[in-house]
Amino acid sequence: MLSSKPQEEVSCSRSNKKQIRTKLTDSICSRETRNMKSMVPLGLIVVATFALTSSRCFDSAKVFRVKPQNEKQVNFLKHLASIKQLDFWHPDSAFHIVTQMEVDFHVRAHQSRAVQTLMEQNEIQYEIVFNNLQEEIEKQFDGKRNFTGRYNYRKYNDWDKIAAWTVRIAKMYPKLVSRMQIGSTFEKRPMYLLKVGTERGRKKAIFMDCGIHAREWISPAFCQWFVKQATKTYGKDKIMTHLLDNLNFYILPVFNIDGYVWSWTQDRMWRKNRSKHSGTNCSGTDLNRNFAAAWGTTGFISDDPCDETYYGPAPESEDETKAVATFIRNHLSSIKAYLTIHAYSQMLIFPYGYTSQKAPNHAELMEVAKAAVKALSSLYGTKYKYGASASIIYPTSGSSDDWAYDQGIKYSFGFELRDKGKYGFLLPESMIKPTCMETMLAVKSIASYVLSHAL
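Residues numbered from 1 in each chain as written. Predicted model: local features only at pLDDT ≥ 70, side-chain atom pairs only at ≥ 80, totals over all residues. Heavy atoms only, no water.

**Student:** Give a description of the pairing of strand β5 (residues 177-184) that names residues and reports values.
**Tutor:** Sheet topology places β5 next to strand β6 (residues 190-196); 7 bridges connect them, and they run antiparallel. Residue pairing for β6: Ser184 is matched across the bridge by Pro190. Following β5, the chain reverses through 5 residues before pairing antiparallel with β6; Lys188 in that reversal takes a positive phi of roughly 70°. (Pairing = 2+ DSSP bridges. Helix = DSSP H or I, 4+ residues; strand = E, 2+ residues; numbered from the N terminus.)

In structure tokens, the structure reads:
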């Protein structure tokens, strides 16, 4: 089906492996014809607007949207995925496609004309969301420079910046923030967790992770924003002050660090981690299929390492999954809620994903989600769907929120942040602030309920 390893992609840059610190107004794909260098005067700090020295080029690649009207069209799209290399954005696999579902998928430049022809021959109506994916990748960055040297929460930050930020934020707010390492990634990068809250005896806790899928950049941006707002408004905002006095938040700014780095340096559309598998040239496991929650049994599951939804050789086979699961298991007595942040489609989901059976406290989870979505939409009117993931998205197994719930964490939620597909994974930097501000309201709503009701 779809290959995770784009062997035949055109190189965007093979000669210049240094990160470019200025906005490239022309195509990144032309970098191999220029050995561009960034000249930054002493004392002048420029925030990276796009540091992608990508070996994968998306020039003339397209993103299509279709809405199959009947089973014949559904079956055709599944067949199309079996003969062409389609990168599904929503849903994450052709096997999840059903009638009347909006389906977004990316097609490489050399196959786009053939895909269009096949869809037209089979009377599939389609919309071209992105006519040139490379241009949209570059437009994700607003191009504005930051001359103050201050950390910019309204921009997408690469892993090096985020890692350095975790040190600084803990030093700036030593009474509110502490940093710990909970493990290492496949490529041996340290996984840093921030504990946010006052030290006031035994407290309930909420675990929140961001960036389990590498290309969902708005997710890590939110975790950074949350920590910034929590520390900045403590003592000023009554709700946040009350929460931090009585709750601890365990924040994992980037879950899939190796994949996130890869999405900045090699392939902007990368989803999985970067683990290696014997017997194949394909890399990576979908970390959100790797948890021991009906692992490898429900929904579309893939044992092909080349697939985007490959679940790994065993539950918790991945270093990243094992690190998170071990930490949560060791802190089950205090962790009362689990929040995992994804993108895109504007949904707030909860267990189960691996069965259509309702969770024991389904009615309560519906009420908590309803209140959170109401709080979120109160700011800009953003519309969110909410409910059990198997019913409002599609069945999945091995997901982190189902696993957390099965561990006894009865308030387990997954956010799918903005948007509904206009930008998809390429949400512009100009939308970071409004997305994070509205999501903060939802998280505070859930946290307040957990504080009052969790045993």
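Continuing now.
**Student:** An account of the nonpolar core is needed here, citing residue identities and associated values.
**Tutor:** Core analysis: the biggest nonpolar cluster contains 106 residues, and Leu133, Phe207, Phe226, Phe249, Phe413 and Phe415 have the highest contact counts within it. Take this core: its biggest share by element is 9 residues, from helix α12 (residues 432-453). Those residues in contact with Phe249 that sit more than four places away from it in its chain are Leu194, Lys195, Val196, Ile206, Phe226, Leu243, Leu244 and Ala447. Counting 23 residues, the second largest nonpolar core, distinct from the first, contains Ala81, Val103, Met347 and Ile349. (Core = buried A, V, L, I, M, F, W, Y, C linked by side-chain atoms within 4.5 Å. Buried < 20%, exposed > 50% of the residue type's maximum accessible area, 1.4 Å probe, protein only. Contact = heavy atoms within 4.5 Å.)

**Student:** So what about the pattern of salt bridges? Which residues, and what values?
**Tutor:** Counting across every chain of the model gives 17 salt bridges. Of the charged contacts, one joins Asp87 and Arg215 as a salt bridge, the two residues approaching to 3.1 Å between their closest N and O atoms. Residue Asp87 is found in strand β2 (residues 86-90), and its partner Arg215 is found in the loop between β7 (204-210) and α5 (218-233); the two are separated by 128 residues along the sequence. Neither residue differs from the other here; Asp87 and Arg215 are each classed as buried. One salt bridge connects Asp237 with Lys444, and the closest N-O pair in it is separated by 3.3 Å. Residue Asp237 is located in the loop between α5 and α6 (238-246), and its partner Lys444 is located in helix α12; the two are separated by 207 residues in the primary sequence. According to the relative accessible area criterion, Asp237 is partly exposed, its value standing at 25%. Via salt bridges that share partners, Asp92, Arg271, Asp286 and Arg289 belong to a single interconnected network. (Salt bridge = Lys/Arg side-chain N within 4 Å of Asp/Glu carboxyl O.)

**Student:** Can you tell me about the sheet that holds β2, naming the residues and giving the values?
**Tutor:** Taken in spatial order, the 4 strands line up as β2-β3-β1-β4 in an open sheet, and their pairing is antiparallel. Looking at which strands have only one partner, the edges of the open sheet turn out to be β2 and β4 (126-130). The mean inter-strand angle of the sheet, taken between neighbouring strand axes irrespective of direction, is 30°. Looking at chain direction, β2 and strand β3 (residues 103-107) are connected through 4 bridges and run antiparallel. Note on β3: the bridge partner recorded for His90 is Asp104. Against the sheet, helix α2 (residues 109-121) engages β1 (62-66), β2, β3 and β4, with an angle of about 20° to β1. (Axes fitted to C-alpha atoms, helices over the stretch in contact; angles between N-to-C directions.)

**Student:** Tell me about the packing of aromatic side chains, and name the residues and values.
**Tutor:** In this description, a pair of aromatic rings is defined by centroid distance and the angle of the planes. Scanning the entire structure with this criterion turns up 30 aromatic pairs. An angle of 45° between the planes, with centres 5.9 Å apart, marks the rings of Phe207 and Phe327 as tilted. With Phe207 in strand β7 and Phe327 in helix α8 (residues 319-330), this pair connects stretches of sequence that are 120 residues apart. Given a relative accessible area of 7%, Phe327 falls into the buried group. The structure contains a cluster of three or more aromatic residues connected by ring pairs, namely Phe141, Tyr156, Trp217, Tyr260 and Trp264. Across the ring face of Tyr153, the terminal group of Lys228 is positioned such that the distance to the ring centre comes to 5.5 Å. (Phe/Tyr/Trp six-rings, centres within 6.5 Å; stacked < 30°, edge-to-face > 60°. Lys NZ or Arg CZ within 6 Å of the ring centre and 35° of its normal.)

**Student:** Can you tell me about unusual backbone geometry, naming the residues and giving the values?
**Tutor:** Going from His90 to Pro91, the amide bond is cis rather than trans, its omega being -10°. Examined against the element boundaries, Pro91 turns out to sit in the loop between β2 and β3. The omega angle of the peptide bond from Ala343 to Tyr344 is 5°, so this bond is cis rather than trans. One non-glycine residue, Glu316, lies in positive phi territory at about 60°. By the element assignment, Glu316 lies in the loop between α7 (257-265) and α8.

**Student:** Would you mind going over the pairing of β7 in detail, with residue names and values included?
**Tutor:** Along β7, 6 of the 7 residues are buried, which leaves the element largely enclosed by surrounding structure. In this sheet, strand β8 (residues 247-252) lies alongside β7 in parallel orientation, the contact comprising 6 bridges. The residue bridging Lys204 from the neighbouring strand is Leu247, located in β8. As paired strands, β7 and strand β9 (residues 335-343) are joined by 6 bridges and run parallel to one another. What sits directly across from Asp209, in β9, is Thr340.

**Student:** Any details on the environment of Lys276? Residues and values, ideally.
**Tutor:** Mapping Lys276 onto the fold places it in the loop between α7 and α8. Lys276 sits 29 residues away from Pro305 along the chain, and the two C-alpha atoms are 9.0 Å apart. Leave out the neighbours within four places in its chain, and Lys276 touches Phe186 and Ser283. A polar contact of 3.3 Å, which involves the side chain of Lys276, links it to the side chain of Ser283. (Polar contact = N/O pair within 3.5 Å; in protein donor to acceptor, adjacent residues only side chain to side chain.)

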